[in-house]
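Residues per chain, in single letters:
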Amino acid sequence: MNNRELAEVFTLIADLSEIKGEIIYKTLAYRKAAENLAGLGRDVNEYWKENKLEEIPGVGKAIAEKIDELLRTGKLGFLEKLKKEVPSSLAEWLKVPGLGPKKVGLIWKMLKITTLMELEAAAKDGKLRDLPGMGGKSESAILTGLESLSRRSGRIPLGRAYPLAQEIIAQLEKVQGVIDAQPAGSLRRMRSTIGDLDILVAAKDSKPVMEAFTNLAGVVRVLGKGETKSSIEFGDGVRAQVWVHPPKKFGTALQYATGSKDHNVQLRQLALDQGLSLSEHSFAKVKDGKEIFCSTEEEVYQALGLPWIPPELREDRGEVQAAQQNKLPKLIKIKDIKADLQVHSNWSDGKLTMLEMAQAAAKRGIKVIAFTDHSVSLGVTGGLSMEDHKKQAAEIKKAQDKLGDSILILHASEVEIKADGTLDYPDKFLASLDLVLASLHTSLRQPREKATQRVLNAIRNPNVDIIGHPTGRLIPDREGADLDMDAVFNAATETGVALEINASPYRLDLDDMYARRAKELGIPISINTDAHSEADLDMLFYGVAIARRAWLTKNDVINCWSTKKLLDWLKKRG
DNA sequence: GCCGTTTTCGGCCCGACTGTTTTCAGTCG
């Protein structure tokens, strides 16, 4: 079992325990463990082999024993027993917006039904409204919740959430009296997927903001509308909420709403150490309740004796301690990026010619561009034969003449790592290219050992410079290949190959946890757009965001190096 | 069930909003 599968088991335990009515903190502990397992960045099996499961945050004796049983036998007696008490299909019910564990338990016990279909039928037949504590509104809320559940497909990719939030913010900024409007929550922390869009507005009078917000184009339902908070749903099931706070409280409010929850817990503790209670609204002196207001986040952090912490770091991954010791990393910025080392042209599946693409990149301040058109076996993309490459080289020469020294073109390839683990071109040919980026696109469902071996083969080929989107995941639809990432990192450390953070918001691969681990091991990172059109060049923004979440500085990323340093590195690699 | 430079027991965020209520419970973030 891998990290994700283990996380799913503990999430299920948490869901079923909650419906059963177990102590809430027990269920929270299971959820916490599940979250930490999913985001571990290292294979749980490694901890297990070293007998160090309890070193995983949120994993104590009881959960460590359960992981051990799962890894040894693939089963868990505790869960089997729990499922006999609480049907596991009820966990699905918790995904219905407006349905929580209490009502799920109530409906299940009173009506003796267990499936979503039965739930829908019961709601339609009017059987829910007479249950204790429920009424007509709860019943129709469950029906609409079921509807929106069928519409929405889980978390929203950052690449969809971010532009949508910017549109909403642009509309709210037009409202009279609005002084500031900012994204908050996981959106502001730039997580690769977002649950709901959170937006914070500074204004003295909230009423016109709420009016404008609930009347935005595309809103199909207003889920709530109050003085400080309102919530809406769009046609595709995406939900957004806005908080309105007076400008003098905007700093504490924005800090609070940005999270993460665990980061905020840390800050509140620091506040308490100084005799202050930190809330969404203010610092309050514990002694006399006297309030201190902060209009900016900087003031909030300053009051705690900390430098401002960039939102991307606020995940309780050591950022508070680093801030206390004045050791926050100087995070990479978009303008630090001087090279784009994965770009496609119309030689394969790109939309523009190499000249057009290079000009578009130069306009954006890029000094080196590598054309990594697909290799021969990826037929659907018009992969290039070695013969094609000769012609492409001639076109590069012509384009370079036109471009002068505004931008340097590298003749490269995104060479397929084939299902059998071999690369798509012979070594001698690979050696003739300026840069070789090797990627997985096919047979991603191979068993772990086989998939891992493919990537290791590519890493150990001395002609390969970068491993492109290492796991091959697609957000939100496709998990990446089941790779032994420890083995991948070890091999990369040995050979000095660079690992990519693919900036496409539908890839973002490596993710932040893996990228951070790679940095700690000294593995060079490459952030590339994988652009197939001019607009794709602007996706660099997302890749940099993931790099920032991974604590990367410009020194960690080969795309920030001077042209000379980059060329020397490529030359040395052969 | 987890965790610990004020605790190995006793905490674990809490406020806004809604709905079913006659002062509060459930859900959500």
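Scroll up to find the structure.
The residue numbering used here restarts from 1 in each chain and proceeds along that chain's sequence as written. As they are written, the chains are lettered A onward and the ligands numbered 1 onward, keeping that order. Per-residue local features of the predicted model are confined to residues with pLDDT of at least 70, and side-chain atom pairs are confined, for both listing and counting, to 80 or more; whole-chain, interface and lining totals are unaffected and use all residues. Computation of side-chain values: all heavy atoms of the structure, hydrogens and water removed.

Concerning the overall build of chain A
When you go through chain A residue by residue, the secondary structure sums to 24 helices and 17 strands. In summary, chain A has a C-alpha radius of gyration of 26 Å against a globular reference of 25 Å for 574 residues, a match within 12%. Overall size of chain A, expressed as C-alpha extent along the three principal axes, is 75 × 60 × 50 Å. Burial status follows relative accessibility: with a 1.4 Å probe on protein chains alone, a residue under 20% of its type maximum counts as buried, one over 50% as exposed, and anything between as partly exposed. Residues classed as buried in chain A amount to 54% of the 574 residues present. The contacts of chain A with a sequence gap of at least 6 include a subset with a gap of at least 24, amounting to 68%. As presented, chain A carries roughly 25,700 Å² of accessible surface, and 52% of it is formed by carbon and sulfur atoms. When charges are counted, Lys and Arg contribute as positive and Asp and Glu as negative, whereas His and the chain ends are disregarded. Just so you know, the charge point we use is NZ for Lys, CZ for Arg, CG for Asp and CD for Glu. Treating the 82 positive side-chain charges of chain A as one cloud and the 80 negative ones as another, the clouds have centres 3 Å apart. For helices the rule is a DSSP run of H or I covering at least 4 residues; for strands it is a run of E covering at least 2, with both sets numbered from the N terminus onward. We compute the radius of gyration from the C-alpha atoms alone; for a globule the expected value is 2.2 Å times N to the 0.38, where N is the number of residues. In this analysis, two residues are considered to be in contact whenever any of their non-hydrogen atoms come within 4.5 Å of each other. For the area figures, the Shrake-Rupley method with a 1.4 Å probe applies, and any residue is considered shielded solely by the protein chains shown.

Here's the deal with the sheet that holds strand S8 (residues 276-278)
At least two bridges found by DSSP between two strands are what make those strands a pair. Sheet architecture is open: three strands sit in the order S8-S9-S10, paired in antiparallel fashion. In this open sheet, the two edge strands, each paired with only one partner strand, are S8 and strand S10 (291-292). Examined bridge by bridge, strand S9 (residues 283-285) and S10 share two bridges and lie antiparallel to one another. Across the sheet, the residue bridging to Phe283 is Ile292, located in S10. Axes, fitted as lines to C-alpha atoms, cover a helix only where it is in contact. Angles between the N-to-C directions of the axes lie from 0 to 180 degrees. The strands touched by helix H14 (residues 261-273) are S8 and S9; relative to S8, the strand with the most contacts, the crossing angle is about 160°.

Observations regarding the side chain of Asp424
With respect to the helices and strands, Asp424 occurs in the loop between strand S13 (408-416) and helix H19 (427-432). Judged by its relative accessible area of 9%, Asp424 is buried. Definition of a polar contact: a pair of N or O atoms within 3.5 Å, with one able to donate and the other able to accept a hydrogen when the atoms are protein atoms, and with sequence-neighbouring residues admitted only if both atoms are side-chain atoms. At a separation of 2.7 Å, a polar atom in the side chain of Asp424 contacts the side chain of Ser375.

Section: the protein's contact with DNA strand B
The environment of DNA strand B is formed by 41 residues, the closest being Gly60, Gly98, Gly100, Asp196 and Lys225. Here a residue is near a molecule or strand as soon as one of its heavy atoms is found within 4 Å of it. Backbone atoms, meaning sugar plus phosphate, form 78% of the atoms of DNA strand B positioned within 4 Å of the protein. Within the backbone of Lys229, a nitrogen or oxygen atom sits 3.0 Å from a phosphate oxygen of DNA strand B. Breaking the surface near DNA strand B down by element, the ones donating at least two residues are helix H2 (24-38), helix H4 (61-73), helix H7 (101-111), helix H9 (136-151), strand S5 (219-225), strand S7 (239-245) and H14.

Quick notes on H7
What H7 keeps buried is the set Val104, Gly105, Ile107 and Trp108. Summarising the contacts, the buried residues of H7 are in contact with helix H1 (3-20), helix H5 (77-85), helix H6 (90-93), helix H8 (116-124) and H9. At the exit of H7 stands Lys112, carrying a positive phi of roughly 55°.

As for the sheet that holds strand S16 (residues 498-502)
One open sheet accounts for seven strands, arranged S11-S12-S13-S14-S15-S16-S17; its pairing is parallel. In the strand order of this sheet, the two ends are held by strand S11 (339-343) and strand S17 (525-528), each with one partner. Alignment of strand S15 (residues 466-467) against S16, held across two bridges, turns out to be parallel. Directly across from Ile466, in S16, lies its bridge partner Ala498.

So, the packing of H1 against H5
The geometry of H1 relative to H5 is characterised by a closest axis approach of 10 Å and an angle of 35° between their N-to-C directions. In the crossing of H1 with H5, the sense of the turn from one axis to the other is left-handed. Note on element contacts: H5 touches H1 through Phe78, Leu79, Leu82, Lys83 and Glu85, opposite Val9, Leu12, Ile13, Leu16, Ser17 and Lys20. Note on residue categories: nonpolar means Ala, Val, Leu, Ile, Met, Phe, Trp, Tyr, Cys or Pro, charged means Asp, Glu, Lys or Arg, and polar means any other residue, Gly included. Partitioning the contact of H1 with H5 into residue classes produces seven nonpolar, one polar and three charged. Note on convention: the crossing is left-handed when the near helix lies turned anticlockwise from the far helix by less than a right angle, right-handed when the turn is clockwise.

Quick look at the packing of aromatic side chains
Pairing of aromatic rings covers Phe, Tyr and Trp, the last counted by its six-membered ring, and requires centre-to-centre distances within 6.5 Å; plane angles under 30 degrees mean stacked, over 60 mean edge-to-face, and any other angle means tilted. Scanning the entire structure with this criterion turns up eight aromatic pairs. Every member of this aromatic cluster is reached through a ring pair, and the members are Phe10, Tyr30 and Phe78. Note on criteria: charge over ring means Lys NZ or Arg CZ within 6 Å of the ring centre, with the direction from the centre no more than 35 degrees off the ring normal. Positioned above the aromatic ring of Phe78 is the side chain of Lys66, whose terminal nitrogen or guanidinium carbon lies 4.4 Å from the ring centre. Above the face of the Trp551 ring, Arg516 is positioned so that its terminal group lies 4.0 Å from the ring centre.

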